[in-house]
Structures are given as C-alpha cells and as structure tokens.
Amino acid sequence: MAESLSPGEFSSSLTSSASLPPPRTRIFKIIVIGDSGVGKTCLTYRFCAGKFPEKTEATIGVDFRERLVDIDGEKLKIQLWDTAGQERFRKSMVQHYYRNVHAVVFVYDVTNAASFRSLPAWIEECKQHALGTEVPRILVGNKCDLQDSVQVGTDVAQQFADSHSMPLFETSAKNPNSQGGINSGNSDHVEAIFMTVAHKLKSQKPLVLSQPPAGSGASINLSSRMEDGTDGSRGWACSSC
Amino acid sequence: MKAEEKVNPYDPFRIFWLSLHFVNLYVYPSLHSDPVDVETLRRAAASKGGLLSNELRRKVWPKLLNINVYELPYKPGKDGRENHKDYNQVVLDVSRSMKRFPKGMPSAERAVLQEQLVDIILEVLRCNPQLSYYQGYHDVAVTLLLVVGERMAIAMLHTLSKYHLRDFMDPTMDSTKHILNYLMPILEEVDKELHDFMIRAEVGTIFALSWLITWYGHVLSEFKHTLRLYDFFLASHPMMPIYLAATIVLHREQEVKQTECDMAMLHHLLSRIPQDLPYELLISQSQDLFRCYPPALLAKRPALQSRKSLSISTFKDFQLSTLHQRPDTVLQPRHSGLDVALPYDGVQQRGKGSRMVKMAVWGLSATLGAAIFAVAQTAMEWAPDVLLQLF
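Bear in mind that the values here come from a model prediction, so they are computed numbers and not experimental data.

Draft legend 1. Quick look at the overall build of chain A. Scanning chain A from N- to C-terminus turns up 9 helices and 6 strands. When each of the 241 residues of chain A is scored for burial, the buried share is 57%. Carbon and sulfur atoms provide 52% of the accessible area of chain A, an area that totals close to 9,800 Å².

Draft legend 2. Expanded view of the overall build of chain B. Assigned secondary structure in chain B consists of 22 helices and 0 strands. Carbon together with sulfur atoms contributes 58% to the accessible area of chain B, which is approximately 17,700 Å² in total.

Draft legend 3. The arrangement of the UniProt feature "transmembrane region" (unreviewed entry) in chain B in detail. All names here are of chain B. In the numbering used here, UniProt assigns the feature "transmembrane region" (unreviewed entry) to residues 197-217, 229-250 and 359-380. The distance from the first to the last C-alpha atom of residues 197-217 is 28 Å, and the span holds 52% helix and 0% strand. Annotation note: span residues 229-250, helix share 77%, strand share 0%, distance between end C-alpha atoms 18 Å.

Draft legend 4. Seen up close, the UniProt feature "domain: Rab-GAP TBC" (unreviewed entry) in chain B. Feature annotation in UniProt assigns "domain: Rab-GAP TBC" (unreviewed entry) to the following positions: residues 51-237 of chain B. For residues 51-237 of chain B, the end-to-end C-alpha separation is 18 Å, with 58% helix and 0% strand making up the annotated structure.

Draft legend 5. Quick peek at the pattern of salt bridges. Scanning the model with the defined rule gives 34 salt bridges over all chains in all. Lysine 77 of chain A is the partner of glutamate 66 of chain A in a salt bridge, and the nearest nitrogen-oxygen pair spans 4.0 Å. Here glutamate 66 of chain A is found in strand 2 (residues 62-71), whereas its partner lysine 77 of chain A is found in strand 3 (residues 74-83), with 11 residues between them in sequence. Of the two residues, glutamate 66 of chain A and lysine 77 of chain A, neither departs from the other in class, the shared state being buried. The salt bridge partner of glutamate 39 of chain B is arginine 42 of chain B, with a shortest N-O separation of 2.9 Å. Residue glutamate 39 of chain B and its partner arginine 42 of chain B are located together in helix 2 (residues 38-46), separated by 3 residues, close to a single helical turn. Owing to a relative accessible area of 43%, glutamate 39 of chain B belongs among the partly exposed residues under this scheme. The exposure class of arginine 42 of chain B is buried, given its relative accessible area of 6%.

Draft legend 6. Quick peek at the environment of valine 105 of chain A. Residues and elements named next belong to chain A. As for its placement among the helices and strands, valine 105 is situated in strand 4 (residues 103-109). Among the residues examined, valine 105 registers a relative accessible area of 1% and is labelled buried. Note: C-alpha distance between valine 105 and glutamate 66 (39 residues apart in sequence) is 15 Å. Sequence-distant contacts of valine 105, that is, excluding residues within four places in its chain, are made with Ile30, Ile31, Val32, Ile33, Ile138, Val140 and Phe194.

Draft legend 7. The nonpolar core, seen in detail. Membership of the largest hydrophobic core comes to 146 residues, with the highest contact counts inside it found for Phe106 of chain A together with Trp61, Ile121, Met198 and Tyr216 of chain B. Excluding its chain neighbours within four sequence positions, the residues that come into contact with phenylalanine 106 of chain A are Ile33, Leu119, Trp122, Ile123, Cys126, Arg137, Ile138, Leu139, Val140 and Met166 of chain A. The next biggest cluster of nonpolar side chains, apart from the first, holds 27 residues, and it includes Ile30, Val107, Phe194 and Val197 of chain A.

Draft legend 8. Structural detail: the side chain of glutamine 86 of chain A. Summarising the element assignment, glutamine 86 of chain A is placed in the loop between strand 3 and helix 3 (87-92). Setting aside anything within four residues of it in sequence, one finds glutamine 86 of chain A in contact with Ser36 of chain A together with Gln89, Tyr133, Tyr134 and Gln135 of chain B.

Draft legend 9. Representation of the packing of helix 9 (residues 183-190) of chain B against helix 10 (residues 192-201) of chain B in the model. Residues and elements named next belong to chain B. Relative orientation of the contacting elements helix 9 and helix 10 amounts to 140°, with a least axis distance of 6 Å. Classified by the angle between their axes, helix 9 and helix 10 sit oblique to one another. Mapping the contact onto sequence places Met184, Leu187, Glu188 and Val190 in helix 9 and Lys192, His195, Met198 and Ile199 in helix 10. Residues that form the contact of helix 9 with helix 10 fall into these classes: 5 nonpolar, 1 polar and 2 charged.

Draft legend 10. Region of interest: the packing of aromatic side chains. One pass over the structure, following the stated rule, counts 18 aromatic pairs over all chains. When the centroid spacing of 4.7 Å and the interplanar angle of 50° are considered together, the rings of phenylalanine 64 of chain A and tryptophan 81 of chain A count as tilted. Note that phenylalanine 64 of chain A is positioned in strand 2 and tryptophan 81 of chain A in strand 3, a separation of 17 residues in sequence. Relative to phenylalanine 318 of chain B, the ring of phenylalanine 315 of chain B lies with its centre 6.3 Å away and its plane at 35°, an arrangement referred to as tilted. Within this pair, phenylalanine 315 of chain B and its partner phenylalanine 318 of chain B are both found in helix 19 (residues 310-321), separated by 3 residues, close to a single helical turn.

Draft legend 11. Seen up close, the interface of chain B and chain A. In this complex, chain B contributes 46 residues to the contact, which on the side of chain A involves 35 residues. The largest share of the area that chain B buries against chain A comes from Lys99, Gln135 and Arg272 of chain B, three residues that together contribute 20% of it. Across the chain B-chain A interface, the total number found is 3 salt bridges. Between arginine 99 of chain A and glutamate 202 of chain B there is a salt bridge, and its shortest N-O distance comes to 3.8 Å. On the surface where chain B and chain A come into contact, there are 12 residue pairs in polar contact (both at pLDDT 80 or more).

Draft legend 12. Representation of helix 19 of chain B. All names here are of chain B. Here helix 19 contains 12 residues, and its C-alpha end-to-end distance of 17 Å stays within 8% of the 16 Å for a straight helix at 1.5 Å per residue. Those residues of helix 19 not exposed but buried are Ser311, Phe315 and Phe318. Axial view of helix 19: buried residues confined to an arc of 85°, hence all on one face. Facing away from the buried side of helix 19 by more than 90 degrees, the exposed set consists of Lys316 and Asp317.

Rules used in this analysis
- Residues numbered from 1 in each chain as written.
- Chains lettered and ligands numbered in written order.
- Predicted model: local features only at pLDDT ≥ 70, side-chain atom pairs only at ≥ 80, totals over all residues.
- Heavy atoms only, no water.
- Helix = DSSP H or I, 4+ residues; strand = E, 2+ residues; numbered from the N terminus.
- Buried < 20%, exposed > 50% of the residue type's maximum accessible area, 1.4 Å probe, protein only.
- Areas by Shrake-Rupley, 256 points an atom, 1.4 Å probe, with all protein chains shown as cover.
- UniProt positions renumbered as here; feature names shortened; annotations may be inferred.
- Salt bridge = Lys/Arg side-chain N within 4 Å of Asp/Glu carboxyl O.
- Contact = heavy atoms within 4.5 Å.
- Core = buried A, V, L, I, M, F, W, Y, C linked by side-chain atoms within 4.5 Å.
- Axes fitted to C-alpha atoms, helices over the stretch in contact; angles between N-to-C directions.
- Parallel < 35°, antiparallel > 145°, perpendicular 65-115°, else oblique.
- Nonpolar A, V, L, I, M, F, W, Y, C, P; charged D, E, K, R; others polar.
- Phe/Tyr/Trp six-rings, centres within 6.5 Å; stacked < 30°, edge-to-face > 60°.
- Buried area = accessible area lost by both parts, 1.4 Å probe.
- Polar contact = N/O pair within 3.5 Å; in protein donor to acceptor, adjacent residues only side chain to side chain.
- Expected span 1.5 Å × (residues − 1).
- Arc of directions from axis to C-beta.

Set out below in structure tokens:
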C-alpha cells in the first residue's frame, strides 16, 4: 500500500528509537478516519514525512505511519493509522485497528459537503468500537487551500465541532501555511494539529506518567481557532476532568 | 558432474529462453487445437517466465477465462453512468490511479484510458447488480485494460468478477475476511514459530488485504511483475493469491522474527512489499504450498468452517467449462466486418494499416518461431535432460 510513501517517514523514527534504551518511549496511537478522498493519506504523510506526497492512491485496508516527537523533553512516538475511506472496509476490516487507540482524528473535505454530512456516521462508528469519551477527538477540515470551491463554511463546521465537544482545525495538507490564522504565522499547521493532540495525550495520561497531569489548557494554544473562545477546548477540558 | 547441477534454474535469461521454447513448441499448437488445449495454456502461464509478451497474453488470457474473442461486449455508452451508486467512488479511485499507467505516457492518452477504465468498471457492475465495487477493483481493471483493450477487458473483468474475485464483491467484506483467514493456517503448517510470533504480535492479516483483492496490482511498482503474477493467477485456483501471500511472508521469515513483536511494527514491515522479490521462485513455492495444503484440507479447520467461499465452490465448474473452447480459426466469422477489440498499444493501428501490420507481425513471429524451433531442436539433441526437467 502506497509503498512509494514509505522510506523517509519511517527510517528516522526507527534509527532514533533504536538509540533510545531503557526509558521506554511512550507510544500514542491515533486513528485517522473520514470519507474516501478527503485527504487522510496526505495529512498523515505530511506530518510523518514533512512533505506533501506527489501522488496518493486509494488506501486499501489500513496504512501505518509513525514519527518520533519531542514534547517538553520527552520523546514520544506518534503512530498514525491511516484508514480506507470506502464504507465496506469499515465494518469487518478496520475494527482490529480501533483497539487501544489513544485519539481519533476525523477528517472531512471543506470542498465536499457530503464528506461533512458523513461525520455523524463516523462518530457513531467510533462509539460502536467502544471508544470512550475520554479518548480525545479532533475534527479536521482539509483542502482549505481550494478557497473557490468551499462547500462547508467554518461556522457550520464549528457548530458541529462544538456540539460534539471537539476542537476544529481547518487546514490544507498540500499547503499547510495557507490557513495562516492569527497566531500560526509561518508555522506548519498540519504539524500543529498533530502536535496539539500529542500534547493533549501527554498531559492526559497521569497513570502512565505517574505524576500529576499537567494543565490541559497548555496544549491548546497551537491553533488560532482554539483561541477564539467558545471552541472545542471545552470538550477537552471536560474529558480530562 | 552432471550438466544441470551448474545451472541456476532461476537465471532470468535461461527462464526467458526456455519459456520462449515452451511457447513455440506447446502454446501456439494448444491455441490452434480443437478444442483448445487449455490445460497446456494454464501450465504455460504458470510455469517459469509466464507468457512473456503482451501479444501472447492477448491470445491466451481470453482462453483461460473461456472468452470468445469474436463475441465481445460492445463499447459501453456514457448514458446514465453517473447514476450508478458507485460512480463517484470509481471516478475518485480511477483519477488517483496515475501510477498504474506507463511512465511517460502523454497525459491526454492516459485521460482517455482512465475514461475507459471508469466505463468498463461501471459496465461490469451494471450487468451484475449483485456485485459491489471495492477500492482495489480498479487496480485489477487497469491491468486488464492496458493489456487487452477496452472490450476484451470488459469480458475478462466480467468473468473474473463472477468467479475469482466473487468473494470480494459481496456487499460486506466478511467473505474477503474469510479468505484472508486462510493465511495464518498455511503459515502454521509450514513454520509454527513464525506463525506463533505473528499471533503474539496480533498483527492480523490486513497487511495482505490489498495483495489479495488487487492480485498485487496495487503494491507492485513494476508493471512487468504485475503481469507475470496475472499470468499465474489467471491460470490458477482463485485461492492462489493467498498462497503467494504466505510464501512472501515465509520468504521474509528472518526479517519478521527480527522485528519487534508488535502489531504496528509487523504491519508496517509486511505491508511494504519488497520490489525485488524472486517472483519465479515464489510462484513455484506457492504451487508447492497449494499442493501440500490445499484449500479443502485447510477448510476443515474449525476457524474456517463457518463460511463458504463462492469463488472456491464455483471454481470446478468454471474450470470444466473452459475445456470445450473452439480455436479462433474456427470461431472467426467468415465475413470480416467484425472488429476485434484492439488493446492499448494497438489503438493507433486501427483502420486500413491494421491488417498489414498484423500480417507483418504474424510473418515475423512465424519466422522467429521457426528459428527458435530449430534452435530448440538442436538444444534438445545436445542437452535434452536439462530442458526436459523443466517441463
């Protein structure tokens, strides 16, 4: 599956993890779901390999990518499970990969209203796989560089995100800086999205950390949208209570 | 020391040369015998080297699937195709399938073929409402299209969908999962340690999903390797792709055992198929595996009893039906108005020049064939045991 995407994204983490002995690297497993063609493969590739893939093909089954990140001096392994979008793969195929998931990223395409309308089905799907409410979820509206063909307005998406207690990010895997926002400046927005999740997960795991959980608010600053006030941080604040 | 001990049986040149010999001695006569000698064609497609050229594939593939070249489906019209429930998904997958087309093909030409690809997929689905499209079906369709052209691709895809790919085309993927469930039992029979390691890691079998449902077309970057496997699978039992999957995992046994016993690590390792696999060796090993542990034997396991595979249960009848085909020389209609579908690399030949080109090619093939026949005869005189041990 997408073998052309493989080399760069993985080798770095393999070599760096090999040089990390005893203090076990914590692994966070994030599943990325959403309709076919919304850009799940591009987003995960963008984060793990640092660039937009030239050509992506339909994902058949499940693809796996990972990256080692450093958060507050701790090395964390972020595993992204990139899933097939076609409905038939969900039921019997992908379920194996929902196990022990630490976070869920829902993706829709801002230029495709149908992919937004499918979100409730994807949320239901998560419920059926017994993912508790404590598992952080985020909503990503992809392809926002295609400004002329936007079909899903930010207001509608924000409302939806709020009603499901999720933070919303609008971005473009192709051109992550296009969603400049107030605070993002030249920073890489896709990077920021996954790093936000990583921060959230790091702060949320008191049992594994064996130390008091850090303030969950700290992780939220990465997104311009998060600072607008009435956003999904509410959901997260609740979930970490 | 015997001569054959020095010979590497997987030397590509040797395989090519011997296959060519096989083609001329056996394949052409089989195509022309009445009824067509499908058994020999199967052996040729599965044996070392496969069918070698697309020209030969265009002749042999239809026979393997019991297709009459002179009664092909008509080119589908575009009317109402966007009303099909899978239209959007098919278009989406086809438009992302650029990698499947030859490098350097002009984009306009590729666009025409992609349109045809959408057409043939929807045409087969339209004729078979009981079949559901799956992502990966387009990888099978494109391989056929590039070799045999639009109309023959429809006919072949139609037959494959009813038989070999049938289990993957249910509304759900439960039957596909059932076929994947044969993988671990095969591994267990051959290498218990490897099997137990993979079970401990809980790697599952999804890493082999795209191999199975696209006949490896989705994961191989060299089209010639895909073609070689298609020769093999078209000539084999529908379960053969799973036996090849087992062979590939067994081939990588050392790598697997040296990897951390962890689902993610193993899934990552196994799902990325090495591009330099020794295909001829793996093909013959999968045939051995199939002989030692046939599906019927594995199906007795409790885990595999719950479900029946349509592809398996219909295969015997399908195979029997292929044995009564008349050769093209007999099938060919007396009036020559009928247009045999031309494949991709023949598109430009359409029209008056076509017949001349065909005759020239035929003449050339015949001369070459005769020359090779002579060489083969000489070789048979000099080292018959070396040659015969292969067949």
